[in-house]
2 protein chains.
Amino acid sequence: MSSGPNRRMGPPGSATWNLILDAAEGILLEEGYAELTSRRIAERVGIKQRLVYYYFHTMDDIVVEGFRRMSKRELERLANALKAERPLHEVWGICIHTTDSRLISEFMALANRNEGVRREVISFIEQSRSLQVEALERAMKNGKGAVAGLPPVVITFMATSLALALTRESQLGVSMGHRETERVISEALASLEPVAPARA
Amino acid sequence: MSSGPNRRMGPPGSATWNLILDAAEGILLEEGYAELTSRRIAERVGIKQRLVYYYFHTMDDIVVEGFRRMSKRELERLANALKAERPLHEVWGICIHTTDSRLISEFMALANRNEGVRREVISFIEQSRSLQVEALERAMKNGKGAVAGLPPVVITFMATSLALALTRESQLGVSMGHRETERVISEALASLEPVAPARA
DNA sequence: GTCTATACACCGATAGAC
DNA sequence: GTCTATCGGTGTATAGAC
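Residues numbered from 1 in each chain as written. Chains lettered and ligands numbered in written order. Predicted model: local features only at pLDDT ≥ 70, side-chain atom pairs only at ≥ 80, totals over all residues. Heavy atoms only, no water.

## Description of unusual backbone geometry
All names here are of chain A.
Here's step 1: With a phi close to 50 degrees, R86 is a non-glycine residue in the positive phi region.
Here's step 2: The topology assignment puts R86 in the loop between α4 (59–81) and α5 (87–96).
Here's step 3: Exposure remark for R86: the relative accessible area of 22% places this residue in the partly exposed category. (Helix = DSSP H or I, 4+ residues; strand = E, 2+ residues; numbered from the N terminus. Buried < 20%, exposed > 50% of the residue type's maximum accessible area, 1.4 Å probe, protein only.)

Next comes the structure, spelled out in structure tokens:
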């Protein structure tokens, strides 16, 4: 048979496959998940709606695969940045310059009712947190900063949470307390991890 | 005329009006904003779809009015709690036991593309933050806690952000670093605001 | 790999009777 | 205040030709 649940499918990773995920990401960012439809995707890519279902079984698959692709991209960026000097500063820089907070909001909302997305989101948070913890532990062993008695996992949790809140609010148009908070954070970073780190 | 943009409308605050917003809130929480339709609301309340449009002009109005009602409810709860002893502990308790984080996620996502919701969300964040800052400043003047040199607005920003992140993640099924973070926070609360506060 | 055409369900919003 | 009925539009997903 040429159709049904076992119908012929387009190859993951192909050019059109990626264009479809690009379009889905753009719609999610600019219009929200209620507007993420096969017709809108086709319109953006410049193909016919039927083709979307040649590359993906269902709309849910597109969302899950889209998050997985983004997740992979971000984890690579994170792993790369953490090799640098002063990983604490790197952690903060990455948290504050991460994916657009509106896109994150959409995936968060989706994760609360789509089991596939939820699994991917959980996996991403845990991997990302582990990478950060390992980098901070390495830095501590090298004597690059004491982190003031706070366990590395607490540092990373706080950095992630505060950065997300700052970007989410400023995207929205709220700035109350931001300047003061950013100042406290940059002072903490400077004192925990000085410019010329002492080598062990 | 009995219809059109100036058509006759049901009274805000009436029983059915509130039932419609209750249903909308439930759908938003349990099924997400993509499922928030006039037909689903009518089904939940046990009325016909047409009646929803007697009480509200558009679906957008329902979302905006729903957030406004919830916002009012939460601000009253906050103002009440902040009269108590140890406002710092109260701030944390309220942040951690606030509205379901899944509902917040939905409104966050909606705020990014609905101008009415955005205005209400901004207003809520600013009022809520102001209330908390005032309470902390009063407590400091009374000598109830020094707050370790951190400006009150930074304290409230951090409490709100960290509490939201903790509840969001545990709702999702992530717990990595939570125990450690909660411990750091409860120690900070205890040291900044002891059980028997010194009066001025 | 890409297309036309289509089945069938649901959507927001309105007309107008009772 | 509440209803039946309806318009015009859009959604997922599939059949099957080229």
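Now that the structure is up, let's keep going.
## Remarks on the interface of chain B and chain A
Here's step 1: Each partner contributes to the interface: chain B provides 45 residues, whereas chain A provides 45 residues.
Here's step 2: Between chain B and chain A, roughly 3,900 Å² of surface is buried when both sides are summed, and carbon and sulfur atoms account for 69% of that area.
Here's step 3: Among the residues chain B hides against chain A, the three largest losses belong to F157(B), L172(B) and M176(B). Together they make up 18% of the total.
Here's step 4: Viewed at the interface, chain A and chain B are joined by four salt bridges.
Here's step 5: We note a salt bridge from E106(B) to R113(A), for which the minimum N-O separation is 2.4 Å.
Here's step 6: Between chain B and chain A we count 11 residue pairs in polar contact (both at pLDDT 80 or more) in total. (Contact = heavy atoms within 4.5 Å. Buried area = accessible area lost by both parts, 1.4 Å probe. Salt bridge = Lys/Arg side-chain N within 4 Å of Asp/Glu carboxyl O. Polar contact = N/O pair within 3.5 Å; in protein donor to acceptor, adjacent residues only side chain to side chain.)

## As for the relation of the copies chain B and chain A
Here's step 1: Between chain B and chain A, the superposition needs a rotation of 180 degrees and an axial shift of 0.0 Å, giving an RMSD of 0.1 Å. Taken together, the rotation and translation relating the two chain copies correspond to the operation of a two-fold axis. Among all C-alpha atoms of chain B, that of A34(B) lies closest to the rotation axis, at 2.4 Å.
Here's step 2: Here 100% of the interface residues in chain B have copies in chain A that are interface residues too; the copies meet face to matching face. (Least-squares fit on C-alpha atoms with pLDDT ≥ 70 in both.)

## Regarding the packing of aromatic side chains
Here's step 1: Counted by the stated rule, this structure contains nine aromatic pairs over all chains.
Here's step 2: With a centroid separation of 4.9 Å and an interplanar angle of 70 degrees, the aromatic rings of F67(A) and F107(A) are classed as edge-to-face. With F67(A) in helix α4 and F107(A) in helix α6 (residues 101–111), the pair connects residues that are 40 residues apart, well separated along the chain. With respect to class, F67(A) is no different from F107(A); both count as buried.
Here's step 3: Ring centres of W17(B) and F56(B) lie 5.9 Å apart, and the angle between their planes is 25 degrees; on these two criteria the pair is classed as stacked. Note that W17(B) is positioned in helix α1 (residues 15–31) and F56(B) in the loop between α3 (49–55) and α4 (59–81), a separation of 39 residues in sequence.
Here's step 4: You can call W17(B) buried: its relative accessible area is 9%. (Phe/Tyr/Trp six-rings, centres within 6.5 Å; stacked < 30°, edge-to-face > 60°.)

## Looking at the packing of helix α5 (residues 87–96) of chain B against helix α7 (residues 115–141) of chain B
Residue and element names in this part refer to chain B.
Here's step 1: Running from amino to carboxyl end, α5 crosses α7 at an angle of 155 degrees, the nearest separation of the two axes being 9 Å. Of the possible angle classes, the one that applies to α5 and α7 is roughly antiparallel. Here P87, L88, V91 and C95 of α5 come into contact with α7, specifically with Q132, A135, L136 and A139.
Here's step 2: Residue classes in the contact of α5 with α7 are distributed as seven nonpolar, one polar and no charged. (Axes fitted to C-alpha atoms, helices over the stretch in contact; angles between N-to-C directions. Parallel < 35°, antiparallel > 145°, perpendicular 65-115°, else oblique. Nonpolar A, V, L, I, M, F, W, Y, C, P; charged D, E, K, R; others polar.)

## Section: the packing of helix α8 (residues 152–172) of chain A against helix α9 (residues 178–192) of chain B
Here's step 1: At a minimum axis separation of 9 Å, α8(A) and α9(B) run at an interaxial angle of 85 degrees. The orientation of α8(A) relative to α9(B) falls into the category roughly perpendicular. Seen from α8(A), the contacting residues are V153(A), V154(A), F157(A) and M158(A); seen from α9(B), they are H178(B), E180(B), T181(B) and V184(B).
Here's step 2: Its residues assigned to classes, the contact of α8(A) with α9(B) shows five nonpolar, two polar and one charged.

## Observations regarding the environment of E35(B)
Residue and element names in this part refer to chain B.
Here's step 1: Along the chain, E35 falls in the loop between α1 and α2 (38–45).
Here's step 2: Sequence separation between E35 and L78 is 43 residues, and the spatial gap between their C-alpha atoms is 30 Å.
Here's step 3: If near-sequence neighbours (up to four positions away) are discounted, E35 is found in contact with I27 and R40.

## Points about the pattern of salt bridges
One side chain can pair with another of opposite charge once the charged atoms of both are near each other.
All names here are of chain A.
Here's step 1: According to the stated counting rule, one finds 32 salt bridges over all chains in the structure shown.
Here's step 2: The shortest N-O distance in the salt bridge between E30 and R44 comes to 2.6 Å. Of this pair, E30 sits in helix α1 (residues 15–31) while R44 is found in helix α2 (residues 38–45), placing the two residues 14 residues apart along the sequence.
Here's step 3: Each of E30, E31, R40, E43 and R44 takes part in a single network of salt bridges with overlapping partners.

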